[in-house]
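# Summary of the model geometry
Each chain, written out:
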Amino acid sequence: MQSEPETVCNVAISFDRCKITSVTCSCGNKDIFYCAHVVALSLYRIRKPDQVKLHLPISETLFQMNRDQLQKFVQYLITVHHTEVLPTAQKLADEILSQNSEINQVHGAPDPTAGASIDDENCWHLDEEQVQEQVKLFLSQGGYHGSGKQLNLLFAKVREMLKMRDSNGARMLTLITEQFMADPRLSLWRQQGTTMTDKYRQLWDELGALWMCIVLNPHCKLEQKSSWLKQLKKWNSVDVCPWEDGNHGNELPNLTNALPQGANANQDSSNRPHRTVFTRAIEACDLHWQDSHLQHIISSDLYTNYCYHDDTENLLFDSQGWPLWHEHVPTACARVDALRSHGYPREALRLAIAIVNTLRRQQQKQLEMFRAQKKELLHRGVTSITNLEGWVGHPLDPIGTLFGSLMEACRVDDDCFHGFSDFTENLGQCKSLEYQHLPAHKFLEEGESYLTLAVEVALIGLGQQRIMPDGLYAQEKVCRNEEQLISKLQEIELDDTLVKIFRKQAVFLLEGGPYSGLGEVIHRESVPMHTFAKYLFTSLLPHDAELAYKTALRAMRLLVLESTAPSGDLSRPHHIASVVPNRYPRWFTLSHIESQQCELASTMLTAAKGDVRRLETVLESIQKNIHSSSHIFKLAQDAFKIATLMDSLPDITLLKVSLELGLQVMRMTLSTLNWRRREMVRWLVTCATEVGVYALDSIMQNWFTLFTPTEATSIVATTVMSNSTIVRLHLDCHQQEKLAGSARTLALQCAMKDPQNCALSALTLCEKDHIAFETAYQIVLDAATAGMSYSQLFTIARYMEHRGYPMRAYKLATLAMTHLNLSYNQDTHPAINDVLWACALSHSLGKNELAAIIPLVVKSVKCATVLSDILRRCTLTTPGMVGLHGRRNSGKLMSLDKAPLRQLLDATIGAYINTTHSRLTHISPRHYSEFIEFLSKARETFLMAHDGHIQFTQFIDNLKQIYKGKKKLMMLVRERFG
């Protein structure tokens with residue numbers, strides 16, 4: 001930087017056979033990579049070789065000097081650097097002059113300028129300590145501060161080194177692995193039984209894959225491979241070594257097939273120990289490249305044999321004489337990855353083509369085999385034919401490897417990236433890249449290219465029927481890899497040639513029976529095809545709609561949720577027990593799978609707008625295959641939105657589909673708790689309104705299969721009867737009346753079924769029809785004596801009064817009073833207002849009504865302050881002063897000495913006496929003043945009686961006698977009341 005002072009750095013670089021074997025720089029920079037000064041000096045030496053003078057080794061120069069010259073040379077050297085070298089020079093001089101010194105036992109002397117011996121190992125300089133420190137630092141940051149990205153860059157560096165055939169690649173990976181194994185979190189997670197984070201888990205996957213590449217180096221020496229194997233076995237045996245399926249604490253057997261030449265190949269899968277992230281690399285150490293057929297495949301574009309006999313399973317050539325390679329597919333693809341990683345792209349491509357041709361031939365054979373057994377399999381309706389090991393989501397990513405190799409071969413611009421790791425990282429950034437059909441290889445059909453082959457192998461892999469693996473991580477990996485592969489396919493523009501491939505594969509997958517995830521017969525626990533089918537559907541739709549729908553509809557199934565679906569006859573005993581208490585405990589990604597199923601259905605609904613036949617088919621498929629109410633509700637909403645887009649007339653068929661799905665949701669959630677239920681009910685009414693008046697009429701007539709009585713009255717019927725609905729539907733008087741009739745019938749049925757919650761709504765809905773209103777009122781009266789609470793009855797009574805039926809309101813109020821019980825200390829109870837209102841209503845109706853309700857009040861209310869309030873109000877005005885029809889009564893005020901007020905007065909005095917004793921039992925000094933005020937109110941009530949003064953005096957005397965122990969309180973009582 002210009003602002004910084006210039007610093008001078010001393011740099012030393014050692015070369016040996018065109019490699020930098022060691023570097024030092026005085027800048028003190030600590031990094032895995034060379035500092036800028038080392039790079040600058042290297043570039044200077046490369047660009048200006050003449051400026052860096054080349055000398056003979058110093059030993060040769062010294063040999064040419066005589067004794068005087070040697071003495072001069074040494075003395076000058078000491079003089080120039082006396083402070084640094086003088087101690088060393090004196091020490092060496094002493095040792096040389098000593099006969100028995102160690103230095104004199106060795107012939108000759110070392111020469112750092114002479115270079116290494118021809119037999120010595122020579123490799124690029126790698127600062128091992130720095131690699132370890134950096135990895136340790138990144139791991140300690142736990143994925144924060146971009147440490148995960150930094151570790152991925154280190155892995156990419158290893159791949160780059162392998163590609164350059166730099167022997168440090170394995171050294172660097174060993175250093176990285178040692179730090180990963182030493183990560184303290186591993187033992188912590190194992191102790192706690194918790195799983196590692198997803199990003200960290202993916203780093204371990206890459207570590208395992210890189211070791212697989214290293215041990216599969218086609219040109220490595222046997223001693224190298226055996227040293228790697230020893231190291232891998234050592235890591236593998238460590239207790240905290242992560243498992244391949246990421247399933248710590250899960251004792252279910254891993255179902256992954258061992259590699260054919262692996263150590264565990266013949267063991268029974270249920271007894272096999274857990275596979276670690278290194279198991280595959282350990283097994284791959286048994287693989288070799290000496291097979292002559294394999295050597296011919298990778299070394300020549302002209303390797304053919306036209307003597308074809310289709311009588312063996314593992315043919316070396318197909319009917320066209322092209323070479324095939326029969327090997328466990330992930331293993332064969334690991335060879336391709338190894339070839340690419342070690343800088344053999346042409347060889348990798350040749351092997352990839354042989355593998356794809358083998359897969360295509362295998363697909364054809366499986367189709368023929370299924371056709372021969374079709375009747376028997378379809379009759380059984382179940383299959384045990386499926387892959388326990390899927391290719392998509394596999395730890396070795398075989399399909400991704402084949403796809404990457406072939407796509408790399410058909411890239412127009414070869415400079416955008418180098419190597420497979422860059423290919424996967426940069427594809428998303430290079431959207432503008434063009435892929436060309438380059439038919440540069442002999443073993444392709446006419447019109448085929450690397451591009452068509454890449455697309456076809458991706459489709460074969462995605463469509464493979466395979467069992468859902470065990471464990472959360474393995475299942476998430478299946479989803480993630482599938483989505484990654486599809487996103488890469490989506491970047492390729494489909495032309496006629498590629499559409500043909502899509503058609504061909506879609507037909508294969510539909511007819512492939514149990515070998516295909518889209519076949520007629522699949523295993524119950526097969527990985528669902530929803531995500532893949534959605535991609536196939538959108539790709540095929542513009543070119544072959546019939547095939548697109550056929551594929552998508554076939555993929556809609558989700559057998560693991562079908563309670564009747566047989567589990568097949570796979571030898572997996574631990575599943576049988578799991579079916580009973582919880583039908584699918586192993587499917588950790590089920591919610592994601594169901595959302596993908598929903599997405600597929602939504603895509604079809606959108607595409608089918610305007611096509612009655614297709615919409616009906618899609619609707620049937622949704623009703624048959626989707627088991628989640630929330631997803632069906634989402635689809636209903638989606639269909640409604642698509643059907644009612646602003647820029648066009650509503651699509652009535654799609655609206656009916658939306659309504660049909662909505663009705664299904666109502667039936668599914670009627671008897672289960674669902675927090676979105678109210679929203680669902682309101683939405684259904686909106687949808688039915690859009691469909692038309694007959695739809696509203698229908699849901700009201702069949703309300704009991706769709707709604708609870710409360711929902712039917714408070715939401716459905718109320719909304720239907722609102723002005724906004726009538727305006728929206730443009731109804732005439734006759735239609736309005738018909739709809740209102742249905743609403744009233746519904747209201748009465750609901751009131752009968754659930755009077756507590758529906759009676760008031762029923763009365764409201766029936767207001768305009770005398771007979772219906774009378775019926776609703778009778779339902780309330782019948783229910784009042786049984787199940788209805790006082791608050792419900794008071795609410796309805798107030799509504800009756802509001803509507804101008806005071807006698808009916810009075811009747812309901814008296815019934816409510818019989819259910820009420822207010823104790824002495826409930827002076828803030830919410831029902832107090834209702835009691836006061838009921839007494840006021842009775843008082844306004846007349847003496848007889850008041851006389852009838854007071855005994856009920858006396859029986860139900862024990863709270864003195866409430867009773868005194870009622871008593872006071874009754875003595876202020878004459879009963880019936882504002883009677884029915886506004887007629888004014890000119891009667892006298894009621895006497896407190898006669899019934900019914902005498903009974904109320906006695907009850908109030910009695911309540912005050914009881915409340916006083918109750919309060920005094922547990923009174924504390926801080927409540928004394930409040931208690932004195934309470935007694936003052938009591939005195940007011942006592943004095944309303946003819947002999948009230950005497951009664952109150954006796955009451956106070958009694959208190960002073962009974963509670964004489966409470967001296968301070970009784971003193972306050974004397975002060976106030978004598």
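Residue positions within a chain follow its written sequence, with the count starting from 1. Whole-chain, interface and lining totals are the exception, using all residues; otherwise, since this is a predicted model, local features are given only for residues with pLDDT of at least 70 and side-chain atom pairs are given and counted only at 80 or more. Side-chain figures throughout are based on the complete set of non-hydrogen atoms in the structure, without hydrogens or water.

## A few points about the overall build of the chain
Numbered from the N terminus, helices here are DSSP runs of H or I no shorter than four residues, and strands are runs of E no shorter than two. A count of helices and strands for the chain gives 43 helices and two strands. Under the scheme applied here, a residue whose accessible area is under 20% of the maximum for its type counts as buried, over 50% as exposed, and between as partly exposed, the area being computed with a 1.4 Å probe on protein chains only. The 978 residues of the chain split such that 48% are buried. Residue contacts are defined here by distance: any two heavy atoms, one from each residue, within 4.5 Å place the two residues in contact. Summarising the internal contacts of the chain: among those between residues at least 6 apart in sequence, 71% fall at separations of at least 24.

## Let's talk about the side chain of serine 602
With respect to the helices and strands, serine 602 occurs in helix α23 (residues 590-607). Setting aside its immediate chain neighbours within four residues, serine 602 contacts Leu635 and Asp638.

## Observations regarding the packing of helix α24 (residues 612-625) against helix α26 (residues 652-669)
Comment: axis = line fitted to C-alpha atoms, over the contacting stretch for helices; angle = value between 0 and 180 degrees taken between N-to-C directions. Between α24 and α26, whose axes approach to 10 Å, the crossing angle comes to 10 degrees. In terms of their interaxial angle, α24 and α26 are classed as roughly parallel. α24 and α26 meet at a crossing whose hand is right-handed. In this structure, α24 uses Val612, Leu615, Leu619, Ile622 and Gln623 to contact α26, whose residues at the interface are Thr653, Leu654, Val657, Glu660, Leu661 and Gln664. Partitioning the contact of α24 with α26 into residue classes produces seven nonpolar, three polar and one charged. Orientation categories follow fixed angle ranges, with anything under 35 degrees roughly parallel, anything over 145 roughly antiparallel, 65 to 115 roughly perpendicular, and all other angles oblique. By definition, turning the near helix anticlockwise from the far helix through less than a right angle yields a left-handed crossing, and turning it clockwise yields a right-handed one. Amino acids are sorted into nonpolar (Ala, Val, Leu, Ile, Met, Phe, Trp, Tyr, Cys and Pro), charged (Asp, Glu, Lys and Arg) and polar (every other residue, Gly among them).

## Thoughts on the packing of aromatic side chains
Aromatic pairs are defined between Phe, Tyr and Trp rings, using the six-membered ring for Trp, whenever the two ring centres lie within 6.5 Å; interplanar angles under 30 degrees are classed as stacked, those over 60 as edge-to-face, and all others as tilted. By the definition in use, this model includes 19 aromatic pairs. The interplanar angle of 10 degrees and the centroid separation of 6.1 Å between the aromatic rings of phenylalanine 180 and tyrosine 200 together place this pair among those described as stacked. Placement of the pair is phenylalanine 180 in helix α7 (residues 168-181) and tyrosine 200 in helix α9 (residues 198-215), with a sequence separation of 20 residues. Note on accessibility: phenylalanine 180 and tyrosine 200 belong to one class, buried.

## Quick look at helix α27 (residues 677-691)
One less than the residue count of a helix, multiplied by 1.5 Å, gives the span that helix is expected to have. Along its 15 residues, α27 runs 21 Å from first to last C-alpha, staying within 8% of the 21 Å computed at 1.5 Å per residue. When α27 is considered as a whole, its buried residues turn out to be Arg677, Met680, Val681, Trp683, Leu684, Val685, Cys687, Ala688, Thr689 and Val691. On its buried side, α27 packs onto α25 (629-643), α26, α28 (693-701), α29 (703-706), α30 (709-720) and α31 (723-729). Glycine 692 lies just past α27 and shows a positive phi near 140 degrees.

## Re the UniProt feature "domain: SWIM-type" (unreviewed entry) in the chain
Following the UniProt record, the feature "domain: SWIM-type" (unreviewed entry) maps to residues 9-46 here. The straight-line gap between the two end C-alpha atoms of residues 9-46 is 19 Å; of that span, 29% is helix and 34% is strand. UniProt positions are given in the numbering used here, feature names are shortened, and annotations may be inferred rather than shown by experiment.

## Quick look at the nonpolar core
Of all hydrophobic cores here, the largest spans 249 residues; its most connected members are Ile176, Phe180, Trp204, Phe278, Leu605, Phe707 and Leu812. With residues near it in sequence (within four places) discarded, isoleucine 176 still touches Val131, Val135, Leu154, Phe155, Val158 and Leu207. To form a nonpolar core, buried Ala, Val, Leu, Ile, Met, Phe, Trp, Tyr and Cys residues must be joined to one another through side-chain atoms within 4.5 Å. Counting nine residues, the second-largest nonpolar core is a separate cluster that includes Met468, Val478, Leu561 and Ile593.

## Examining the pattern of salt bridges
Pairing is possible between side chains of opposite charge, provided their charged atoms come close. By definition here, a salt bridge exists when the distance from a side-chain nitrogen of Lys or Arg to a carboxyl oxygen of Asp or Glu is within 4 Å. As enumerated under the stated definition, the model contains 45 salt bridges in all. Where arginine 360 meets glutamate 448, a salt bridge forms, and the shortest distance between an N and an O atom there is 2.5 Å. Of this pair, arginine 360 sits in helix α14 (residues 345-380) while glutamate 448 sits in the loop between α16 (420-426) and α17 (450-463), and the two are 88 residues apart along the sequence. Summarising the burial analysis for this pair, arginine 360 and glutamate 448 share the class buried.

## Quick look at the environment of alanine 182
Following the sequence through the fold, alanine 182 ends up in the loop between α7 and α8 (185-192). Residues alanine 182 and leucine 139, spaced 43 residues apart in sequence, show a C-alpha to C-alpha distance of 9.9 Å.

## Quick word on the confidence of the model for the chain
Each residue carries a pLDDT score, the predictor's confidence in it, ranging from 0 to 100. Here the chain averages 85 in pLDDT, while 88% of its residues score no lower than 70. Every residue in residues 248-270 is under pLDDT 50, and counting partners more than four places away or in other chains gives 56 contacts.

## Here we look at the environment of serine 227
Relative to the helices and strands, serine 227 resides in helix α10 (residues 222-237). What makes serine 227 partly exposed here is its relative accessible area of 39%. N or O atoms within 3.5 Å of each other form a polar contact, as long as, within protein, one can give a hydrogen and the other can take it, and as long as residues adjacent in sequence are counted only when both atoms are side-chain atoms. At 2.8 Å, the side chain of serine 227 and the backbone oxygen of glutamine 224 are in polar contact.

## As for the pairing of strand β1 (residues 11-16)
Note on pairing: two strands pair once DSSP finds at least 2 bridges between them. In the sheet, β1 pairs with strand β2 (residues 19-25) via six bridges, with the strands oriented antiparallel. Opposite alanine 12, over in β2, you have threonine 24 as the bridge partner. Connecting the antiparallel pair β1 and β2 is a turn made up of two residues, with arginine 17 showing a positive phi of about 50 degrees.

## Regarding helix α20 (residues 530-540)
Most of α20 sits inside the fold, with nine of its 11 residues counted as buried. Along α20, the residues classified as buried are His530, Thr531, Phe532, Ala533, Tyr535, Leu536, Phe537, Ser539 and Leu540. As for α20, its buried residues are in contact with α17, α18 (472-490), α19 (496-511), α21 (545-555) and α23.

## Re the side chain of histidine 530
Locating histidine 530 in the fold gives a position in helix α20. Once residues lying within four places of it in the same chain are set aside, the contact partners of histidine 530 are Ala555, Met556, Arg557, Leu558, Ile593, Gln596, Gln597 and Leu600.

## Description of the state of the cysteines
By definition, a disulfide is the covalent link that joins the sulfur atoms of two cysteine residues. For the purposes of this analysis, a disulfide is any pair of cysteine sulfur atoms at a distance within 2.5 Å. Tallied over the full model, the rule gives zero disulfides. Not part of a disulfide, cysteine 25 finds its nearest cysteine sulfur in cysteine 27, a span of 3.5 Å.

## So, a nonpolar patch on the surface
Patch rule: a residue counts if its relative accessible area is over 30% and it has no salt bridge; like charges are joined within 9 Å, and nonpolar side chains (Val, Leu, Ile, Met, Phe, Trp, Tyr) within 5 Å. Using the Shrake-Rupley algorithm and a 1.4 Å probe, accessible areas are obtained, with residue cover drawn only from the displayed protein chains. Together, Ile58, Phe73, Val74 and Leu77 make up an exposed nonpolar region whose accessible area comes to about 310 Å². With three residues, the top contributor of residues to the nonpolar patch is helix α3 (residues 67-80). Structurally, the position occupied by phenylalanine 73 is in helix α3. Looking at phenylalanine 73, the relative accessible area reads 32%, which means it is partly exposed.

## A short note on the environment of arginine 371
Looking at the secondary structure, you find arginine 371 in helix α14. Since its relative accessible area comes to 49%, arginine 371 is described here as partly exposed.

## Structural notes on unusual backbone geometry
One non-glycine residue, arginine 165, lies in positive phi territory at about 55 degrees. Secondary-structure assignment places arginine 165 in the loop between α6 (147-163) and α7. Phi is positive for aspartate 397, which is not a glycine, with a value near 45 degrees. Among the structural elements, aspartate 397 can be located in the loop between α14 and α15 (398-409).

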